[in-house]
Amino acid sequence: MAGNEKKSGFDTLAVRGGLLRSDFQEHSEALFLTSSFVYKNAAEAARKFANEEQGYIYSRFTNPTVTMFQDRLAALEGAEACVVTATGMAAIASTVMGSLKSGDHMISSRSVFGTVVPLFDQICKKFGIDTTWVSAANVDEWRAAVRPNTRLLFCETPSNPLAEICDIAAIAEVAKKANAIFAVDNCLLTPALQRPMELGADLVIHSATKYLDGQGRVLAGAVCGSKKLIEPIYGFVRTAGPAISPFNAWICLKGMETLRIRMDAQSASSLSLAHWLTDRPEVAKVHYAGLPSHPQRALAARQASAQGAVVSFEVKGGRDAAWRVVDAVKMISITANLGDTKTTITHPATTTHARVSQAERDAAGISDGLLRVAVGLENVEDICEDLQRGFGGL
Ligand SMILES: *Cc1c(COP(=O)(O)O)cnc(C)c1O
C-alpha cells in the first residue's frame, strides 16, 4: 500500500487505497491481463520461487491488479489483509477449507445466502465439518450451540430477504469465549455502511458480485481479516485455484470508487420506497431495517450508518397477487440478482427459495406473497410508479 493510507478517510481510500503504479506512471489503475511474469535471469526466478524476493510469478498466486483490489478492500474494511476469489461462494468455501479441519464444528445463522446451506450441510459435512444452524437474531441460541470443537461462527447481516439483524458485537463475544473465528458476510451493506471488524468480527466476507462491482458485470468474492487468519485462506486459494480473473478484479477495483456514493443513494431510495410500500393498502408487511417499525431498529442503527438497498414486502393475496406485481412491471428487471444500479424484483418462494420445502419456507418466513426488490439508482418515483402498476393503480 502506498503513502499514509491508514490516516485517510473512507472516500479517499475508495479512490486511492491500494494504488500501485508501474514504471509507465499510468494515472488510472492498470489492468494486468497476463497469466505469468518473466524474470531477468535464472537466479531471479529461483529467488522468487524460494520466496526470498517479493514479486509476481503467476496470476493464480497473485497479480498487480488483484493486489490493488485486495489492498483497497482491506483498507475500506479496516483489515490488515484480504484475499480475493472468483466468486462470493468461493470466498465462503475457501474460508472454511483454509481455516478448518475434519472434526471441527461451525455455527451459522439460518438466514444466509441460499447456496451456503448445501455448501455447509453437504460439501463441508463430507469432509467431516458439521454445522449447527441458529436463529440470526437470538444470541442465546448461538451461545447454546457452542461445542468444544466449534471453530467458526458465520452470519450475514442484514439477512436477505427478511432483513433480520445479527448482533455482531454480541456474537463476537460468543466466538471469543469459544476461541472460534467469527466471519460476517458483509455483502448487503458493504464497508461503506457497516464495518464488522470494528464491532469485533474476525473475518469479513464479500460477494463482490453485488455492490463492490455494483453494476452487474462480473462475479467476484473476498475475505478480509488479520494476516494470521487470511494466510491459510490465501494458501487454499493459491493451491486449490478459485482465483479471480485480473479483469474481474479491475472491474471491482474501479467499482469501489463510487461505492459509498451508490450505497448512500440506494439506501436513501430504499427507505423512501419502504415508507411508500408501508402506506399501500395492497401491502401487508414491509421488511426493511431502516423503518421505525422494524423490531431490531435500534440495533440496526447502531451497527450501520444506513440499511442498504434490499427491501422486501408481502402483498395481500398470496402468490397470484405477488406474480401480478412482477408481471406488471415495465422498467424494473425481473431477475434474482441484486447489487446493481438497475432495480430488480424477484418472488423468493418460486426463485431463490424454490428448492426449499414449503414447511421450511413457512418456518423461515418466506411467504407466497413475499416480493424482494433490490433498489438501484433510478429515480425512486419511477420505481414506485412501476410497482403501482401491479397494485392495479395504473
Ligand atoms: C450472492 C451472494 C453470495 C454468493 O456470491 P456469488 O458471487 O454469487 O458466488 C454470498 N453471500 C451473499 C449475501 C450474496 O448475496
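This one's a predicted model, so the numbers in the text were calculated from it and none came from an experiment. (Residues numbered from 1 in each chain as written. Predicted model: local features only at pLDDT ≥ 70, side-chain atom pairs only at ≥ 80, totals over all residues. Heavy atoms only, no water.)

1. So, the sheet that holds strand β12 (residues 370–374)
Across a sheet, paired strands are connected by hydrogen bonds in the backbone, their directions being either parallel or antiparallel. A sheet is described by the order of its strands in space; here five strands give the open sequence β8-β9-β12-β11-β10, paired in mixed fashion. On the outer flanks of this sheet lie β8 (283–287) and β10 (333–334), each paired with one strand and no other. For strand β9 (residues 310–315) and β12, the ladder comprises five bridges, and the chain directions are antiparallel. Within the sheet, the bridge partner assigned to Glu314 lies in β12 and is Leu370. In the packing of helix α13 (residues 318–328) onto the sheet, contacts are made with β9, β10, β11 (344–346) and β12, and the angle to β9 comes to roughly 130 degrees. (Pairing = 2+ DSSP bridges. Helix = DSSP H or I, 4+ residues; strand = E, 2+ residues; numbered from the N terminus. Contact = heavy atoms within 4.5 Å. Axes fitted to C-alpha atoms, helices over the stretch in contact; angles between N-to-C directions.)

2. A few points about the domain arrangement of the protein chain
When the domains of the protein chain are assigned, the result is domain 1 (10–256) and domain 2 (259–391). Residue-level contacts link 32 residues of domain 1 with 36 residues of domain 2. On the domain 1 side of the contact with domain 2, Leu162, Leu193 and Tyr211 bury the most area, a combined 28% of that side's loss. The interface formed by domain 1 and domain 2 includes one salt bridge. Residues Arg260 and Asp11 are paired through a salt bridge, measuring 2.8 Å at the closest nitrogen-oxygen approach. The interface formed by domain 1 and domain 2 contains 13 residue pairs in polar contact (both at pLDDT 80 or more). Put simply, the parts of the chain that give the side of domain 1 that touches domain 2 at least two residues each are α1 (10–16), α7 (168–178) and α8 (190–193). Ranked by residues supplied to the side of domain 1 that touches domain 2, first place goes to α8 with four residues. Among the residues forming the side of domain 1 that touches domain 2, the class breakdown is 19 nonpolar, eight polar and five charged. (Domains from an automatic or database assignment. Buried area = accessible area lost by both parts, 1.4 Å probe. Salt bridge = Lys/Arg side-chain N within 4 Å of Asp/Glu carboxyl O. Polar contact = N/O pair within 3.5 Å; in protein donor to acceptor, adjacent residues only side chain to side chain. Nonpolar A, V, L, I, M, F, W, Y, C, P; charged D, E, K, R; others polar.)

3. Some points on the site of the ligand
Taken together, Thr87, Gly88, Met89, Phe113, Glu156, Asp185, Cys187, Leu188, Ser207, Thr209, Lys210 and Ala220 are the residues near the ligand. A distance of 2.8 Å separates an oxygen atom of the ligand from a polar atom in the backbone of Met89. Between the ligand and Lys210 there is a distance of 2.6 Å, counted from an oxygen atom to a side-chain nitrogen or oxygen. Isolated, the ligand exposes 380 Å² of accessible area, and the fraction of that covered by the protein chains is 92%. Its residues placed into classes, the shell around the ligand shows five nonpolar, four polar and three charged. (Near = heavy atom within 4 Å. Areas by Shrake-Rupley, 256 points an atom, 1.4 Å probe, with all protein chains shown as cover.)

4. Re the pattern of salt bridges
Counted according to the given criterion, the structure contains 15 salt bridges. A salt bridge links Glu44 to Lys48, with the nearest nitrogen and oxygen atoms 3.0 Å apart. With Glu44 and Lys48 both in helix α2 (residues 42–49), this residue pair falls four residues apart, about one helical turn. The residues Glu44 and Lys48 share a single accessibility class, namely buried. Bridged by salt links that share partners, the residues Glu29, Arg72, Lys254 and Glu257 form one connected network. (Buried < 20%, exposed > 50% of the residue type's maximum accessible area, 1.4 Å probe, protein only.)

5. Quick look at the nonpolar core
Formed by 67 residues in total, the largest nonpolar core has its most connected members in Phe69, Leu273, Leu277, Phe313, Ile345 and Leu387. When residues of this core are assigned to their parent elements, the largest contribution, seven residues, is made by helix α3 (residues 64–77). Looking at which domains feed residues into this core, each of domain 1 (10–256) and domain 2 (259–391) supplies at least three. With residues near it in sequence (within four places) discarded, Leu277 still touches Val283, Val286, Val311, Phe313, Leu387 and Phe391. Core analysis: the next-biggest nonpolar cluster, separate from the first, contains 25 residues, Ile92, Val112, Phe120 and Val223 among them. (Core = buried A, V, L, I, M, F, W, Y, C linked by side-chain atoms within 4.5 Å.)

6. Details of the state of the cysteines
Applying the stated criterion across every chain yields a total of zero disulfides. Sulfur of Cys124: no disulfide; nearest cysteine sulfur belongs to Cys155 and is 17 Å away. A relative accessible area of 2% places Cys124 in the buried class. Between Cys252, a free cysteine, and Cys82, which holds the nearest cysteine sulfur, the sulfur-to-sulfur gap is 11 Å. (Disulfide = S-S within 2.5 Å.)

7. Some points on the side chain of Thr341
Locating Thr341 in the fold gives a position in the loop between β10 and β11. According to the relative accessible area criterion, Thr341 is buried, its value standing at 18%. With residues near it in sequence (within four places) discarded, Thr341 still touches Gly214, Gln215, Arg262, Gly376, Leu377 and Glu378.

8. Structural notes on the sheet that holds strand β1 (residues 81–85)
Reading across from one edge, β1-β7-β6-β5-β4-β2-β3 is the order of the seven strands in this open sheet, with mixed pairing throughout. The open sheet has two edge strands, β1 and β3 (130–134), and neither has a second partner. Neighbour to neighbour, the strand axes of the sheet diverge by 20 degrees on average, direction disregarded. As paired strands, strand β2 (residues 105–109) and β3 are joined by five bridges and run parallel to one another. By the bridge assignment, Ser108 is partnered in β3 with Trp133. Strands in contact with helix α4 (residues 88–99) are β1, β2, β4 (150–156), β5 (181–185), β6 (203–207) and β7 (221–225); relative to β6, the strand with the most contacts, it is inclined by about 150 degrees.

9. A word on the pairing of β2
A large share of β2 lies buried, amounting to five of its five residues. Residues His105, Ile107 and Ser109 point to one face of β2 and Met106 and Ser108 to the other, with burial holding for every one of them. Handedness of the crossover is the feature at issue here: the chain leaves β2, passes through helix α5 (residues 116–126), returns alongside β3, and the resulting connection is right-handed. Pairing geometry for β2 and β4, over four bridges, is parallel. When the sheet's bridge partners are listed, Met106 is paired in β4 with Leu152. (Right-handed = clockwise from strand over helix to strand, strands pointing away.)

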